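Residue strings, one per chain:
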Amino acid sequence: MTETTHVTTPFTATSTAAEVVDGIDLTGRRVIVTGGASGIGVETARALAGAGAEVTLAVRDLGAGERTADDIIATTGNKQVLVAPLDLADQASVASFTAAWDGPLHILVNNAGVMASPETRTPEGWELQFATNHLGHFALATGLHRALAAAGGARVVSVSSSAHLSSPVVFEDIHFRERAYEPWAAYGQSKTANVLFGVEATRRWASDGITVNALMPGGIRTNLQRHISQEELDRAIAAAGGTGITWKTPEQGAATSVLVATSPLLEGIGGRYFEDCNEAGRNQPGSRSGVAAYALDPEAAARLWQVSIETLAP
Ligand SMILES: NC(=O)c1ccc[n+]([C@@H]2O[C@H](COP(=O)([O-])OP(=O)(O)OC[C@H]3O[C@@H](n4cnc5c(N)ncnc54)[C@H](OP(=O)(O)O)[C@@H]3O)[C@@H](O)[C@H]2O)c1
């Protein structure tokens, strides 16, 4: 497959996570799913465990993690479902998690996220959505780089969103210190960062056998919408030019993550953006699908990497 060949698969928007992983044996593979105790993270973890992988749910609510693990063990019969504490907004927590990880890591699903939260800052003064959705996952993945390289052919899955179309990374004021805080702009910026991370991580890590792709899971009713009312959601959809959302089930919402994590059709492919189980084309004006050119820009990706390293430096 050449660099420019688009990845197309037999799967669609209605395919489920179980369907895309059907026939793929993940026995002996080790997986981490961040935010694996709710929403599409649960179904991502369930499908990967169902295919035989050892799955660690990296969560900040350990009780919810244990209940989810019990449920996944009961439904898949795979007892290798583990729970570990991880708060992506707390760099000490990320550092403890990566320090405790032992041995190879075959699949890292950077799934956790917070959306359209009221203006909130970490103790460092970082805007919460950027800190959680991007910086936390950046620190996690770079902290696990050796484990990913040790796997030989590891994949990192960066769960982004069509909301990335709302904002590039605004390097001049990432943390809304100069401009007024706007929850959707902050979410969009963080989700663009998730795509750019895949571009630069693949450039840096492909020689270690590690590829990183980003994706839009679809619209799924989950806890993600906790910070917004129905009216706000309707307004946001209308403002974005949409007429409505065709909601997916969590099992359908997890399908693109599981495809990107496991499909043989993505062997050696990285730095791309997927939706509805296929590689997306470029976004067209007036549309809410496809990927923005700024999200795949290699210069912005390299700049974001550098900024992230500098931001996280002790
Ligand atoms: N649902 C959609 O329509 C949709 C659309 C586009 C993209 N996405 C993306 O899909 C991903 C999963 O979202 P979802 O819909 O499944 O929502 P969800 O049910 O709210 O799941 C998000 C998960 O992230 C976790 N999380 C939030 N902040 C965290 C932190 N600081 N440290 C560790 N974990 C943290 C949450 O943990 P707690 O339970 O402890 O809060 C939760 O488990 C997100 O990245 C989201 O941006 C979703």
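One can find the structure itself at the top, above this paragraph.
The text that follows walks through the structure, step by step, so that each part is easy to find.

Applying the stated criterion to the full structure yields 8 aromatic pairs. Ring plane angle 80° and centroid distance 6.2 Å describe the contact between Trp184 and Tyr187, whose orientation is recorded as edge-to-face. Of this pair, Trp184 and Tyr187 both sit in helix H7 (residues 183-205), separated by 3 residues, roughly a single helical turn. Between Phe197 and Trp305, the aromatic rings sit 5.8 Å apart at their centres with planes inclined by 5°, giving stacked as the arrangement. One end of the pair, Phe197, is in helix H7; the other, Trp305, is in helix H11 (residues 298-312), with 108 residues separating them in the sequence. Just as Phe197 is buried, Trp305 falls in that class too. Chaining the aromatic ring pairs together yields one cluster made of Phe138, Phe197, Trp205 and Trp305. A cation sits over an aromatic face here: Arg179 above Phe176, 3.7 Å from the ring centre.

Further remarks concern the nonpolar core. In this structure, Leu48, Val55 and Leu57 are the most contacted members of the largest nonpolar core, which totals 36 residues. Among the elements of the structure, helix H1 (17-21), strand E1 (30-34), helix H2 (39-50), strand E2 (54-59), helix H3 (62-76), strand E4 (107-110), strand E5 (155-159) and helix H10 (255-262) are those that each provide at least two residues to this core. In this structure, Leu57 is in contact with Val33, Gly36, Ala45, Gly65, Thr68, Ala69, Ile72, Val81, Leu82, Val83 and Ala84, ignoring residues within four places of it in sequence. Judged by nonpolar contacts, the second largest core, of 27 residues, contains Leu105, Ala139, Ala141 and Ala151.

This paragraph deals with the packing of helix H4 (residues 91-100) against helix H5 (residues 128-143). Interaxial distance between H4 and H5 falls to 9 Å at its minimum, and their mutual angle equals 25°. Accordingly, the angle class assigned to the pair H4 and H5 is roughly parallel. Of the two elements, H4 crosses H5, and the hand of that crossing is right-handed. Note on element contacts: H5 touches H4 through Leu135, Gly136, Ala139, Leu140 and Gly143, opposite Gln91, Val94, Phe97 and Thr98. For the contact of H4 with H5, the class distribution of residues is 5 nonpolar, 4 polar and no charged.

Procedures and definitions
- Residues numbered from 1 in each chain as written.
- Predicted model: local features only at pLDDT ≥ 70, side-chain atom pairs only at ≥ 80, totals over all residues.
- Heavy atoms only, no water.
- Phe/Tyr/Trp six-rings, centres within 6.5 Å; stacked < 30°, edge-to-face > 60°.
- Helix = DSSP H or I, 4+ residues; strand = E, 2+ residues; numbered from the N terminus.
- Buried < 20%, exposed > 50% of the residue type's maximum accessible area, 1.4 Å probe, protein only.
- Lys NZ or Arg CZ within 6 Å of the ring centre and 35° of its normal.
- Core = buried A, V, L, I, M, F, W, Y, C linked by side-chain atoms within 4.5 Å.
- Contact = heavy atoms within 4.5 Å.
- Axes fitted to C-alpha atoms, helices over the stretch in contact; angles between N-to-C directions.
- Parallel < 35°, antiparallel > 145°, perpendicular 65-115°, else oblique.
- Left-handed = near helix turned anticlockwise from the far one by under 90°.
- Nonpolar A, V, L, I, M, F, W, Y, C, P; charged D, E, K, R; others polar.

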